Amino acid sequence: MKQYKHSVSLDLEKCKGCTNCLKRCPTEAIRIRDGHAVINSDVCIDCGECIRRCPYQAKKANFDRYEDIDAKKYRIALPAPSFYGQFVDLDDVDYVLQGLLDIGFDDVFEVARAAEIVTEYTRRYMSEQDISYPVINSACPAVVRLITLRFPYLCAHVIPMMPPIELAGKIAREEAIAKHPELKPEDIAIVFISPCPAKASYVKNGFLGEKSHVDYVVSMSDIYFKLIGVMKKNATPKATSQSGMIGMSWASTGGEASALFNDKYLAADGIENVIHVLDEIETGHFPMLQFVELNACPGGCVGGVATVENPYIARVRLQALRRYLPVSQNRLEKSDNEGYPEEILFPKDLEYRPVGKFDDDLTTAMQKMSEIEDLAASLPALDCGSCGAPTCRAFAEDVVLGGRSIDECIVYMRERIQKMVQYPGEE
Amino acid sequence: MAETLRFHYEVDGNNFTSAGAASVEVKRKLRQLGFDAETIRRVSIAMYEGEINMVVHARGGSADVYVDKDCITIILADRGPGIPDISLAMQEGYSTAPDNIRALGFGAGMGLPNMKRYTDEMKIETVLGKGTTVTIKVYTNGANKL
Ligand SMILES: Nc1ncnc2c1ncn2[C@@H]1O[C@H](COP(=O)(O)OP(=O)(O)O)[C@@H](O)[C@H]1O
Ligand code: SF4
Ligand code: SF4
Ligand code: SF4
Ligand SMILES: [Mg+2]
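Along chain A, the regular secondary structure elements total 15 helices and 11 strands. Expected size for 427 residues packed as a compact globule is a radius of gyration near 22 Å; at 24 Å, chain A falls within 12% of this value. Counting only C-alpha atoms and orienting by the principal axes, one finds that chain A spans roughly 85 × 50 × 40 Å. Counting over 427 residues, chain A shows a buried share of 55%. Taking as baseline every contact in chain A between residues at least 6 positions apart, the subset at least 24 positions apart corresponds to 78%. Total accessible area on chain A stands at roughly 19500 Å², and carbon and sulfur atoms take up 50% of it. Each charge class in chain A was averaged separately, 48 positive and 62 negative side chains, and the resulting centres sit 4 Å apart.

Written as structure tokens, this is what we have:
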């Protein structure tokens, strides 16, 4: 398996080896080793939860820097819809788009526009026969990766449709070439302004073997601080937004789902809730649902770790910004009334890639599990984390599968020492 | 020959919010053992339904899971009211779940029929006023194949 490239990493200097991130990682990807956190890249889904939890800002999201993008290229900014919710007293998205041009971008393409097109195609997909209900959205890369690692049966439920960021990248490049025929595709730099490290990883790794249409992923907070310096209230912006209510509503939970005009949907956000919902869907618990929108971050993308504003405030702002917009400004042609272009579909099926299997041989796997069970039963069940594992059970797995020493459990050690003092010479 | 793995769970009848937790735990273990997706799904759906039934209809109980290479057996035992008419209870859509439980999305009367559908063997032993024991078996279709 090719190594998955991550966008969440650790600043060794700042990490104190506390157990805050350890406890909150939804995939138990973190261990504390030699006094600091270590991330197991096979299971990390770049959800950013550890960044949110670290009191020392030792966990960081890695993005491209705006300054590092070759200024000779034709740079197109792709703001995610959540970006618009970051600004105080903004009453028109055009000021943001103009600001992006003013800091040096040559052009802007709103991801919200692509989101409206994806919404139309999704409605079409939902009206087809032979689809597995409930259909799960494909827009949050942390959720999609989680499903491929842990929910074999749900891989076929993920809508096989590229997320808006891809379609936006593709159309942006095509439009730029149409406007400036002298440009070659490689002269163009498509720059996504991202709320989260998950999108950065998505772009770095490509998806299902295909390279992304996006070339760079910069952090939303980074661009935000550049922009507030140049955004002027008095000058009338020349740029005009072309997205409607639907596109903007993708920024927060329920926006994507409600735009489908199908009320048999569920929208859940926050990675713990997402896992809970996936477990329930897998056990067949929601037979009535047709669409499930899942976002790893609290509140949806407005809650991404690279945003600056509180997600609930951002959501309210977006509602205000949307109020006088047309429902959608990006509709498919009337004549184009069935199917979808090849390029919007996944290039191949989403594959289940299990991690954490104990052994390829079932007998051996069963023996190991039996050892782990016995060991876990003898541990104090405190889940205190001082052994560097998030739970006693995970520690038992580390001992049996990863060769850790049982002496690293301090509670176990203390009991052993007490026994040695009480009954010297017995051990 | 590997020894049978055995897992025991107490299913709390007073804590509705934790209903279903044991089947999620079993699902995770089967995944770690490397069983294929279809087997895991069948086991976890059937066990989930049995677990929910014990919480909804029998004030809780216990679940014992036995994992062998070729077969997974689950015994769900409770000390609830028992089932007066098994063939009626097995009918699709038949349910005695109270309204407050239905409001939560349970009580569609598909639990027992689904347990039968997703397993290879199912046996219900029940004594009115004493309790019910449901035993289900799923034969694995080749572990570790993915
Ligand atoms: N463990 C049990 N103890 C007592 N009664 C049960 C038990 N399991 C099922 N039943 C009875 O069988 C009926 C049908 O069960 P099921 O098919 O799971 O539907 P539901 O749980 O939705 O009612 C229940 O409504 C209940 O009357
Ligand atoms: S990004 Fe998420 S999955 Fe990765 S280590 Fe942090 S909390 Fe765990
Ligand atoms: S919910 Fe949105 S911001 Fe959060 S990880 Fe998923 S795509 Fe990124
Ligand atoms: S009690 Fe021991 S095994 Fe459990 S988390 Fe604490 S140190 Fe680790
Ligand atoms: Mg039931």
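On we go.
Moving on, we get to the pattern of salt bridges. The full count for this structure, using the stated rule, is 33 salt bridges over all chains. The residue R28(B) makes a salt bridge to E28(A) at a minimum N-O spacing of 3.8 Å. In this pair, R28(B) sits in helix α1 (residues 21-33) while E28(A) sits in the loop between α1 (20-24) and β2 (30-33), so the two residues belong to two different chains. When its relative accessible area of 26% is taken as the criterion, R28(B) is described as partly exposed. Across the pair R393(A) and E397(A) runs a salt bridge whose closest N-O atoms are separated by 3.3 Å.

Here the focus is the nonpolar core. Counting residues in each nonpolar core, the largest one holds 107 residues, and the members touching the most others are I76(A), L78(A), F83(A), L100(A), I147(A), L278(A) and L294(A). A total of 8 residues in this core trace back to one element, the largest contributor, which is helix α4 (residues 111-126) of chain A. With near-sequence residues (within four places) excluded, I147(A) lies in contact with I136(A), P152(A), L154(A), C155(A), V158(A) and L278(A). The next biggest cluster of nonpolar side chains, apart from the first, holds 54 residues, and it includes A389(A), C409(A), F7(B) and F35(B).

Next up on the list: the interface of chain A and chain B. Listed as interface residues are 28 residues of chain A and, on the opposing side, 27 residues of chain B. Across the chain A to chain B interface the summed buried area is about 2600 Å²; carbon plus sulfur atoms make up 59%. Broken down residue by residue, the surface that chain A buries against chain B is led by T283(A), L362(A) and M366(A), which jointly contribute 25%. Between the two partners, chain A and chain B, sit 6 salt bridges. Where K27(B) meets E282(A), a salt bridge forms, and the shortest distance between an N and an O atom there is 2.7 Å. At the junction of chain A with chain B, the criterion picks out 10 residue pairs in polar contact (both at pLDDT 80 or more). Residue assignment for the side of chain A that touches chain B shows that the elements contributing at least two residues are α11 (271-282), α13 (362-378) and α14 (392-402) of chain A. No other element matches α13(A), which puts 7 residues into the side of chain A that touches chain B. Tallied by class, the residues present in the side of chain A that touches chain B amount to 10 nonpolar, 6 polar and 12 charged.

Cut-offs applied
- Residues numbered from 1 in each chain as written.
- Chains lettered and ligands numbered in written order.
- Predicted model: local features only at pLDDT ≥ 70, side-chain atom pairs only at ≥ 80, totals over all residues.
- Heavy atoms only, no water.
- Helix = DSSP H or I, 4+ residues; strand = E, 2+ residues; numbered from the N terminus.
- Rg over C-alpha atoms; globule rule 2.2 N^0.38 Å.
- Buried < 20%, exposed > 50% of the residue type's maximum accessible area, 1.4 Å probe, protein only.
- Contact = heavy atoms within 4.5 Å.
- Areas by Shrake-Rupley, 256 points an atom, 1.4 Å probe, with all protein chains shown as cover.
- Lys, Arg positive; Asp, Glu negative; His and termini not counted.
- Charge placed at Lys NZ, Arg CZ, Asp CG, Glu CD.
- Salt bridge = Lys/Arg side-chain N within 4 Å of Asp/Glu carboxyl O.
- Core = buried A, V, L, I, M, F, W, Y, C linked by side-chain atoms within 4.5 Å.
- Buried area = accessible area lost by both parts, 1.4 Å probe.
- Polar contact = N/O pair within 3.5 Å; in protein donor to acceptor, adjacent residues only side chain to side chain.
- Nonpolar A, V, L, I, M, F, W, Y, C, P; charged D, E, K, R; others polar.

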